[in-house]
Structure formats: structure tokens, C-alpha cells
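For reference, the chains in residue letters:
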Amino acid sequence: MRTLILLALAGLGAQLVDGSLGMAYGVTSTTLLLAVGTNPAAASATVHLAEIGTTLASGAAHWRFGNVDWPVVAKIGIPGAVGAFAGATFLSGLSTDLAKPVMALLLLGLGLYVLLRFTFLGLPEGNLGKPLRKRFLGPLGLVAGFLDATGGGGWGPVGTPAVLAGGRLEPRKVIGSIDTSEFLVAVAASLGFLVGLGSEGVDAAWAAALLIGGLIAAPLAAWLVRHVPPRILGSAVGGLIVLTNIRTLVRSDWIGAGDAAQWTVYGVVYVLWAAALAHSFRAHRRLSSAAGSGAAEPAADTADTRHSGTAATRSEPAGR
């Protein structure tokens, strides 16, 4: 029972992050299952089974708050399902240890771009409103779905920053669309694991605990992403991507940093991330104040004009 409660709390926290930032449910939950001794394939299968429910609830909540672009969901979700089924069926037993540092390095570069772009320049508006093409979303969904199934997570960390970096869709809709399309990925991956593994190693009670926590958090996360300013949200997402992938790199065989070095790196990243969020917050407040002043000025000008006009009218008879 203690384990189930901890899993439910982990599911709640993971879904709160995933639903508001578009990533981390699978990574967080799979990491916890691996920590208690579950083998990688069974951990990924258990998490994807829970994600069928959490992604459905998250998608419904995001749709309710207007965070979903349905054409994007279809263009990325269907290829993602194909990739997830292939990864779960044929490659669930293959170690991804060698591939993780390479992918982490690529994602780190993309995360830095998103973090710096939103922190210093705000929401990319040059392409905002332009349609996202199938030739971009299709391959992206295929790769992200494949990695999600074989690595126990990856749909959000791959899909969210890639779509954000294009600047064609505002952050809340990127997150809502990625979260909603993940339902297709979770169903396909679960079917693939069922074909490849059967029910071996999959703990239905653990999946239910993760699901319950996720269901509680889904509506709150969807509300949160609608009300957080895009500039701040972009900095938060970028920082999370950077932190997650730096953690993967420093613990990989490529670097193999000791505990002291790892925590020093994490401390530096946390400080820089906090500074970026503070800068984004101040910039947002400054722009909001400027917009408010700009809206007030015409009213003041109108009032002055009316006052001057009234005075001129009243003074005309004396002049005559």
C-alpha cells in the first residue's frame, strides 16, 4: 500500500509537469519504476498502460481550455503511433544506453535554443499562425514515438521543443496538442508491448496507481498552461529540457562525472534557469505595463481633446 501511495503521488506530480510543460510523465514514472527494480521493458509497458488514461484525461482537459490544435494532433499523432508500436514490438528489449547520450546532446542544443529564444526575445511571432506541415510533423512523430516506446519516455522531450522552436504555434497549444496526441502513442505502445511481452512483468496495480495520480492532476495542469504567460512558459520548458538532458549526459559513459561534479553542474544549471525565469517575468511585466499605458493614453488624449474643445466652444462668444 505504501508503494501504491508513492506511485500515485509520483503520477500526480509527473502529470502536473507533463500537462503544463508538455513532457516528463514517462521519464519520471519510468525512472521510479526502474528504481524499485522493474526491468526496462516492463517499466515502459506499465507506464504506457497508465498513460492511456492520463493522456485521455489530459487531452480532454486541454481541449476544454482551448489548448489543442487538432490538425497538429493528427499529423504528429498517427506517425507517432506507428513509431511507438514498432519500438515496443521489435525493440523493447534492445538497450538504448548508447543512443541516449547522442539524443541528449541534440535535445540539449534544442533546449538551449528554446530557453534563450523565449528568455531574451519572447514568443517567436514571425511564423505564428503558419500551418505546421506533414513533412515536418510526420518524421518527428515517427522518431518521437519510437524513442518513447524503447526508452520509457521521450514523446514530450522530443516533440515539444521541436514544435516550439518553429514558432508557428503558441506554447500552450504546442503543449496541449503534444499531450493530446500522446494518447495515440500510448495506445499503440501498449498494443506493441502486449504483442511482444504479453502481460509479463506488467503490474496492473502500479499502473492504476500512476493513473489515479495523473487523473487528479490533468485538469489543473491544463488550466495552468492556459494562464501562464507564453514567455515565462517557454523559459520554463527550455530550462527543463536543458536540465533533463545535462543530467543524462553527465551520468553517461561519455562523461562519467562523479557525484560532486554532477551536483555542481546541477547547481549551476538551477541558478541560470532561475535567472532566466526571473528575466522573463520582469520582461513580461514590463511589456504588460507598457501595453496598459499605451491603452490608457488614447483615452487621456480624447479626454484632453474634449476638454479643450469644450473650452474653445465656451470662449467663442466672448471672442465674437
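Preceding this paragraph is the structure being described.
Residues numbered from 1 in each chain as written. Predicted model: local features only at pLDDT ≥ 70, side-chain atom pairs only at ≥ 80, totals over all residues. Heavy atoms only, no water.

Asks: Is there a simple way to think about the overall build of the protein chain in this case?
Replies: Helix and strand counts for the protein chain come out as 11 helices and 0 strands. Counting from the amino terminus, the protein chain carries its helices and strands in the arrangement α-α-α-α-α-α-α-α-α-α-α. Sequence-distant contacts in the protein chain: of pairs separated by 6 or more residues, those separated by 24 or more amount to 84%. (Helix = DSSP H or I, 4+ residues; strand = E, 2+ residues; numbered from the N terminus. Contact = heavy atoms within 4.5 Å.)

Asks: Explain the packing of aromatic side chains to me, please; I cannot follow it from the model alone.
Replies: Scanning the entire structure with this criterion turns up 1 aromatic pair. Ring centres of Trp-263 and Tyr-266 lie 5.3 Å apart, and the angle between their planes is 85°; on these two criteria the pair is classed as edge-to-face. One end of the pair is Trp-263 and the other is Tyr-266, both in helix α11 (residues 259-319) and 3 residues apart, which spans about a single turn. For Tyr-266, a relative accessible area of 8% translates into the label buried. (Phe/Tyr/Trp six-rings, centres within 6.5 Å; stacked < 30°, edge-to-face > 60°. Buried < 20%, exposed > 50% of the residue type's maximum accessible area, 1.4 Å probe, protein only.)

Asks: Help me understand helix α4 (residues 70-90), please; the structure alone is not making it clear to me.
Replies: For an α-helix, 3.6 residues make a turn, and residues three or four places apart therefore share a direction. Taking 1.5 Å per residue as the helical rise, α4 with its 21 residues ought to reach 30 Å, and the 30 Å between its terminal C-alpha atoms agrees with that figure. For α4, the set of buried residues is Val-72, Val-73, Ile-76, Gly-77, Pro-79, Gly-80, Ala-81, Gly-83, Ala-84, Gly-87, Ala-88 and Thr-89. (Expected span 1.5 Å × (residues − 1).)

Asks: Whenever I open this one, the side chain of His-48 confuses me. Can you help?
Replies: Looking at the element boundaries, His-48 is found in helix α3 (residues 40-64). Owing to a relative accessible area of 0%, His-48 belongs among the buried residues under this scheme. Those residues in contact with His-48 that sit more than four places away from it in its chain are Asp-148, Ala-149, Ala-186, Ala-189, Ser-190 and Phe-193.

Asks: I would appreciate a short explanation of a nonpolar patch on the surface in the present structure.
Replies: The grouping of Phe-85, Leu-191, Leu-194 and Val-195 at the surface amounts to a nonpolar patch, some 380 Å² of accessible area in total. Note on placement: Val-195 falls in helix α8 (residues 171-197). Judged by its relative accessible area of 58%, Val-195 falls in the exposed class. (Patch = residues over 30% accessible without salt bridge, like charges linked within 9 Å, V, L, I, M, F, W, Y side chains within 5 Å. Areas by Shrake-Rupley, 256 points an atom, 1.4 Å probe, with all protein chains shown as cover. Salt bridge = Lys/Arg side-chain N within 4 Å of Asp/Glu carboxyl O.)

Asks: Would you explain the environment of Gly-176 in this entry?
Replies: Counting through the fold element by element, Gly-176 comes out in helix α8. Since its relative accessible area comes to 0%, Gly-176 is described here as buried. In the structure, Gly-176 is positioned 103 residues away from Val-73 in sequence and 9.2 Å away in space, judged by C-alpha atoms. If sequence neighbours within four positions are ignored, Gly-176 has contacts with His-62, Asn-67 and Val-68.

Asks: Any chance you could explain helix α7 (residues 155-166) here in plain terms?
Replies: With 12 residues, α7 should reach 16 Å at 1.5 Å per residue; the first-to-last C-alpha distance of 17 Å fits that figure. Every buried residue belonging to α7 is among Trp-155, Gly-156, Pro-157, Val-158, Gly-159, Thr-160, Pro-161, Ala-162, Val-163 and Leu-164, and all of these are buried. In the stretch just after α7, Gly-167 is the one whose phi turns positive, near 70°.

Asks: Whenever I open this one, the environment of Thr-160 confuses me. Can you help?
Replies: Here Thr-160 is to be found in helix α7. Spatially, the C-alpha atoms of Thr-160 and Pro-171 are 8.9 Å apart, while their sequence positions differ by 11 residues.

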